[in-house]
Protein chains: 2
Amino acid sequence: MENPREKTPARWEGMPSWLLGQTAGHAHRLVGEGFSAVGARGYHYRLLATLEDSGPASQATLGRCSGIHLSDMVATVNDLADGGLVERAPDPADRRRNIVSLTPAGRRQLRRLDRRLAECQDELLAPLSPEERQQFTDLLSKLLVHHNRGTDAPEERWS
Amino acid sequence: MENPREKTPARWEGMPSWLLGQTAGHAHRLVGEGFSAVGARGYHYRLLATLEDSGPASQATLGRCSGIHLSDMVATVNDLADGGLVERAPDPADRRRNIVSLTPAGRRQLRRLDRRLAECQDELLAPLSPEERQQFTDLLSKLLVHHNRGTDAPEERWS
DNA sequence: TGACTAACGTTTGCTCCACGAACGTTAGCA
DNA sequence: TGCTAACGTTCGTGGAGCAAACGTTAGTCA
């Protein structure tokens with residue numbers, strides 16, 4: 001993700017935002033490699049996991065639960081349906097909707113991906129002690145909660 | 001960067017790789033907004049900063065110093081040259097090279113971007129105490145050093 | 001009943017960042 | 001004199017995230 005550097009350490013390399021981006025890049029690469037070794041990608045995992053957690057649902061609902069944009073949801077469901085990991089059936093009660101559900105093969109794939117993902121977390125945090133790992137996730141959570149104020153699900157006033 | 005979530009907290013939301021990616025997304029957004037408010041982007045800042053730190057240089061050298069791919073360097077120099085922030089002059093000693101150098105306007109723009117960037121760091125780390133900020137960057141650095149082994153600049157055996 | 005509104009699924013396209021392949025030009029070396 | 005390698009440039013790829021538009025379908029209200 002990065003080219004060979006000549007000697008001078010660039011001035012931005014100490015910035016938290018840069019460290020964060022670089023480290024996230026490594027994490028993304030690790031997870032991506034782990035997933036693609038089983039023929040999947042991030043969206044696939046998120047959709048499969050959401051399906052197992054929430055049960056069959058329409059694409060729009062799945063998008064809201066998984067944070068996958070509707071535009072991307074279409075392709076994701078297509079991919080998984082092509083592989084027989086997921087089924088797309090018209091909702092008899094509402095012909096606008098497609099009900100997407102997990103197949104046994106999809107559930108097995110999800111098991112594999114869960115395992116891979118756990119391995120990747122370990123590889124990602126390899127240089128940290130258990131205490132440091134806890135600190136790290138705590139700090140990240142704190143930041144994330146802060147920056148998700150008002151952006152995540154601002155509407156609790158529905159009617 | 002994220003859609004409204006329905007109630008169920010997804011199973012991947014506690015994973016360090018996810019927290020990292022989300023937080024990095026926020027950081028990226030913050031910095032991107034800060035930069036674009038002054039009509040710049042990440043590559044622009046990196047090139048300007050590299051020019052101030054290393055002095056005028058060929059595009060290839062700048063690419064190596066800043067981690068910007070040569071392909072993207074072309075467009076970046078074009079952008080900045082169009083705005084008069086940078087000058088591209090043929091190297092009289094080597095007609096393959098373009099010597100890129102910073103103009104006074106470019107230096108002023110760099111000042112602005114430096115200021116913006118510092119503000120963004122502060123906004124990013126807002127919920128953390130000074131000690132926590134130090135912990136955070138230390139942990140990130142540790143992870144980054146670890147994952148950059150062998151990828152960053154493996155060649156010290158140049159002749 | 002009819003009309004309006006809103007949700008759904010889909011397609012298309014855009015942004016940013018990061019790479020790879022190819023090609024013409026130019027230096028440097030044997 | 002050639003060969004090799006570096007340089008700059010163009011074109012194209014990819015993932016992740018998002019926005020706009022459009023046809024279809026449901027629900028609601030006059």
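Residues numbered from 1 in each chain as written. Chains lettered and ligands numbered in written order. Predicted model: local features only at pLDDT ≥ 70, side-chain atom pairs only at ≥ 80, totals over all residues. Heavy atoms only, no water.

**Observations regarding the environment of Gln121 of chain A**
So, point 1. With respect to the element layout, Gln121 of chain A can be found in helix 5 (residues 104–124).
So, point 2. Taking the relative accessible area as the measure of exposure, Gln121 of chain A reaches 8% and is therefore buried.
So, point 3. Once the C-alpha coordinates of Gln121 of chain A and Ala27 of chain A are considered, the two residues, 94 residues apart in sequence, prove to be 8.2 Å apart.
So, point 4. Leaving out residues up to four positions away in the same chain, Gln121 of chain A has contacts with Met15, Pro16 and Ser17 of chain B.
So, point 5. A polar side-chain atom of Gln121 of chain A sits 2.7 Å from a polar atom in the side chain of Ser17 of chain B. (Helix = DSSP H or I, 4+ residues; strand = E, 2+ residues; numbered from the N terminus. Buried < 20%, exposed > 50% of the residue type's maximum accessible area, 1.4 Å probe, protein only. Contact = heavy atoms within 4.5 Å. Polar contact = N/O pair within 3.5 Å; in protein donor to acceptor, adjacent residues only side chain to side chain.)

**Quick notes on the sheet that holds strand 2 (residues 86–90) of chain A**
Residue and element names in this part refer to chain A.
So, point 1. Taken in spatial order, the 3 strands of this open sheet run 1-3-2, and their pairing is antiparallel. In this open sheet, the two edge strands, each paired with only one partner strand, are strand 1 (57–58) and strand 2.
So, point 2. Looking at chain direction, strand 1 and strand 3 (residues 98–102) are connected through 2 bridges and run antiparallel. Counted as the bridge partner of Ser58 is Ile99 from strand 3. (Pairing = 2+ DSSP bridges.)

**Digging into the confidence of the model for chain A**
Predicted coordinates in areas of low pLDDT are best not read in detail.
So, point 1. For chain A, per-residue confidence averages 88 on the pLDDT scale, and residues scoring 70 or more make up 89% of the total.
So, point 2. Every residue in residues 1–6 of chain A scores below 50 in pLDDT, and together they form 25 contacts with partners more than four places removed in sequence or on other chains. (pLDDT = per-residue confidence, 0-100.)

**Quick look at the relation of the copies chain B and chain A**
So, point 1. Superposing chain B onto chain A takes a rotation of 179° combined with a translation of 0.1 Å along the rotation axis, leaving an RMSD of 0.3 Å. Given the turn and translation reported, the copies of this chain are related as if by a two-fold rotation axis.
So, point 2. Comparing interface residues between copies, 100% of those in chain B also sit at the interface in chain A, which points to an isologous, same-surface contact. (Least-squares fit on C-alpha atoms with pLDDT ≥ 70 in both.)

**Some details on the nonpolar core**
All names here are of chain B.
So, point 1. Residues Tyr45, Leu47, Leu48 and Val86 are the most contacted members of the largest nonpolar core, which totals 27 residues.
So, point 2. Contributions of two or more residues to this core are made by helix 1 (16–36), helix 2 (42–54), helix 4 (70–82), strand 3 (98–102) and helix 5 (104–124).
So, point 3. Ranked by residues supplied to this core, first place goes to helix 2 with 5 residues.
So, point 4. With near-sequence residues (within four places) excluded, Val86 lies in contact with Leu48, Leu51, Val77, Leu80, Ala81, Val100, Ser101, Leu102 and Thr103. (Core = buried A, V, L, I, M, F, W, Y, C linked by side-chain atoms within 4.5 Å.)

**Quick look at the interface of chain B and chain A**
Where interface size is quoted, it is often the accessible area lost as the parts come together.
So, point 1. Contact residues are listed per partner, giving 62 residues for chain B and 63 residues for chain A.
So, point 2. Between chain B and chain A the total buried area reaches about 6,100 Å² when both faces are included, carbon and sulfur atoms providing 64% of it.
So, point 3. Three residues, Arg11, Trp12 and His147 of chain B, lead the burial of chain B against chain A; their summed loss comes to 12% of the area buried on that side.
So, point 4. Here Glu52 of chain A and Arg11 of chain B are joined by a salt bridge, their closest N and O atoms 2.6 Å apart. (Buried area = accessible area lost by both parts, 1.4 Å probe. Salt bridge = Lys/Arg side-chain N within 4 Å of Asp/Glu carboxyl O.)

**Points about the side chain of Thr23 of chain A**
So, point 1. When you line up the elements, Thr23 of chain A lands in helix 1 (residues 16–36).
So, point 2. Residue Thr23 of chain A is classed as buried on the basis of its relative accessible area, which comes to 0%.
So, point 3. Not counting residues up to four positions away in its chain, the partners in contact with Thr23 of chain A are Leu20, Leu140, Leu143 and Leu144 of chain B.

**As for the environment of Leu70 of chain B**
All names here are of chain B.
So, point 1. Summarising the element assignment, Leu70 is placed in helix 4.
So, point 2. In sequence terms Leu70 and Ala60 are 10 residues apart; their C-alpha atoms lie 6.4 Å from each other.
So, point 3. Excluding residues within four positions of it along the chain, Leu70 makes contact with Gln59, Ala60 and Gly63.

**Some points on the pattern of salt bridges**
So, point 1. In total, this model carries 22 salt bridges over all chains according to the counting rule given.
So, point 2. With a shortest N-O distance of 2.9 Å, Glu52 of chain A and Arg111 of chain A are connected by a salt bridge. With Glu52 of chain A in helix 2 (residues 42–54) and Arg111 of chain A in helix 5, this pair connects stretches of sequence that are 59 residues apart.
So, point 3. The exposure class assigned to Glu52 of chain A is partly exposed, which follows from its relative accessible area of 21%.
So, point 4. Of the charged contacts in the structure, one is a salt bridge between Asp94 of chain A and Arg96 of chain A, with a shortest N-O distance of 2.9 Å.
So, point 5. Looking at Asp94 of chain A, the relative accessible area reads 14%, which means it is buried.
So, point 6. Ionic contacts of the salt-bridge type, sharing partners, join the residues Arg11 of chain A together with Glu52, Asp53, Arg107, Arg111 and Asp114 of chain B into one network.

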